[in-house]
Amino acid sequence: MIIETLVSACLMISGIFGLVGSFGLLKLPDPMMRLHAPTKATTLGVGGALVASMLYMHFINDTFSFHELMITLFLFLTAPVTGKFIAKTHLHLNHKASDLPPTGTDRPWATYESDAMREKIEAEEDASAS
């Protein structure tokens, strides 16, 4: 009885997170704002459903399934990376480096820094340290 209630609660919570993430993806005005909805809320929604499945399999069917654990790990590793790629693409398509606020250092934003610029900065830092 208590396990069924726990599984039901995980499914309800995951459904709420999934609904909020989907709603945010549709209704938020800016692509950078919309990016947070699927990478945060929907990831937690799917994660909650997978946790509910693991609990059900373990306590009701007396088996432990690694499938859900592997899916959860894969999801939690790939969603942030995908979000970062989408954010960098948005920055490069819609903003110039001069449009962004200053970084507070002599270095530019990392997404706008070329390999040659990075090597030059590192060489200057090495020369000043010596």
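Residues numbered from 1 in each chain as written. Predicted model: local features only at pLDDT ≥ 70, side-chain atom pairs only at ≥ 80, totals over all residues. Heavy atoms only, no water.

By the naming in an unreviewed UniProt entry, the chain is Multisubunit potassium/proton antiporter, PhaG subunit, taken from Roseovarius marisflavi.

Colleague: Can you tell me about the overall build of the chain, naming the residues and giving the values?
Modeller: For the chain, the helix and strand inventory stands at five helices and zero strands. Going from the N terminus to the C terminus, the chain shows its helices and strands as α-α-α-α-α. In terms of overall dimensions, the chain has a C-alpha envelope of 70 × 40 × 20 Å along the principal axes. The buried share among the 130 residues of the chain stands at 25%. Long-range pairs, those at least 24 residues apart, make up 47% of the contacts in the chain with a sequence separation of at least 6. Element-wise, carbon and sulfur atoms account for 71% of the exposed surface of the chain, whose accessible area totals about 9,400 Å². (Helix = DSSP H or I, 4+ residues; strand = E, 2+ residues; numbered from the N terminus. Buried < 20%, exposed > 50% of the residue type's maximum accessible area, 1.4 Å probe, protein only. Contact = heavy atoms within 4.5 Å. Areas by Shrake-Rupley, 256 points an atom, 1.4 Å probe, with all protein chains shown as cover.)

Colleague: Any details on unusual backbone geometry? Residues and values, ideally.
Modeller: Here D62, not a glycine, exhibits a phi torsion of approximately 55 degrees, which is positive. Inspection of the secondary structure assignment puts D62 in the loop between α3 (36-59) and α4 (66-94). With relative accessibility at 66%, the residue D62 sits in the exposed group.

Colleague: Which residues make up the packing of aromatic side chains, and what values do they have?
Modeller: Each pair of aromatic rings is reported with the distance of its centres and the angle of its planes. Tallied over the entire structure, the rule returns one aromatic pair. Centroid distance F64 to F66: 4.9 Å. Interplanar angle 85 degrees. Geometry classified as edge-to-face. (Phe/Tyr/Trp six-rings, centres within 6.5 Å; stacked < 30°, edge-to-face > 60°.)

Colleague: Would you mind going over the packing of α3 against α4 in detail, with residue names and values included?
Modeller: Direction vectors running N to C along α3 and α4 enclose 175 degrees, while the axes themselves pass 9 Å from each other. Here α3 lies roughly antiparallel to α4, going by the angle between them. In this structure, α3 contributes T39, T43, V46, G47, L50, S53, M54 and M57 to the contact, and α4 contributes E68, L69, I71, T72, L75, F76, A79 and G83. (Axes fitted to C-alpha atoms, helices over the stretch in contact; angles between N-to-C directions. Parallel < 35°, antiparallel > 145°, perpendicular 65-115°, else oblique.)

Colleague: Please set out the UniProt feature "transmembrane region" (unreviewed entry) in the chain residue by residue, giving values where relevant.
Modeller: With numbering matched to this structure, UniProt assigns "transmembrane region" (unreviewed entry) to residues 6-29, 41-60 and 66-87. The straight-line gap between the two end C-alpha atoms of residues 41-60 is 28 Å; of that span, 95% is helix and 0% is strand. (UniProt positions renumbered as here; feature names shortened; annotations may be inferred.)

Colleague: How would you summarise the nonpolar core if you had to cite specific residues and measurements?
Modeller: By size, the foremost hydrophobic cluster in this structure holds five residues: I3, V7, C10, A52 and L55. Elements with a contribution of two residues or more to this core: α1 (2-27) and α3. (Core = buried A, V, L, I, M, F, W, Y, C linked by side-chain atoms within 4.5 Å.)

Colleague: Got a sec to walk through the domain arrangement of the chain? Specific residues and values, please.
Modeller: We note that the domain assignment places domain 1 (1-94) and domain 2 (100-129) within the chain. Just the C-alpha atoms count here: the centres of domain 1 and domain 2 sit 36 Å apart. (Domains from an automatic or database assignment.)

Colleague: Give me the lowdown on the side chain of T43, citing residues and values where you can.
Modeller: Mapped onto the elements, T43 comes out in helix α3. According to the relative accessible area criterion, T43 is buried, its value standing at 7%. Non-local contacts of T43, meaning those with residues more than four positions away in its chain, are made with P38, L75, F76 and A79.

Colleague: Tell me what's going on with a nonpolar patch on the surface, and back it up with residues and numbers.
Modeller: On the surface, a nonpolar cluster with roughly 510 Å² of combined accessible area is contributed by F64, F66, L69, M70 and L73. By secondary structure assignment, the location of L69 is in helix α4. (Patch = residues over 30% accessible without salt bridge, like charges linked within 9 Å, V, L, I, M, F, W, Y side chains within 5 Å. Salt bridge = Lys/Arg side-chain N within 4 Å of Asp/Glu carboxyl O.)

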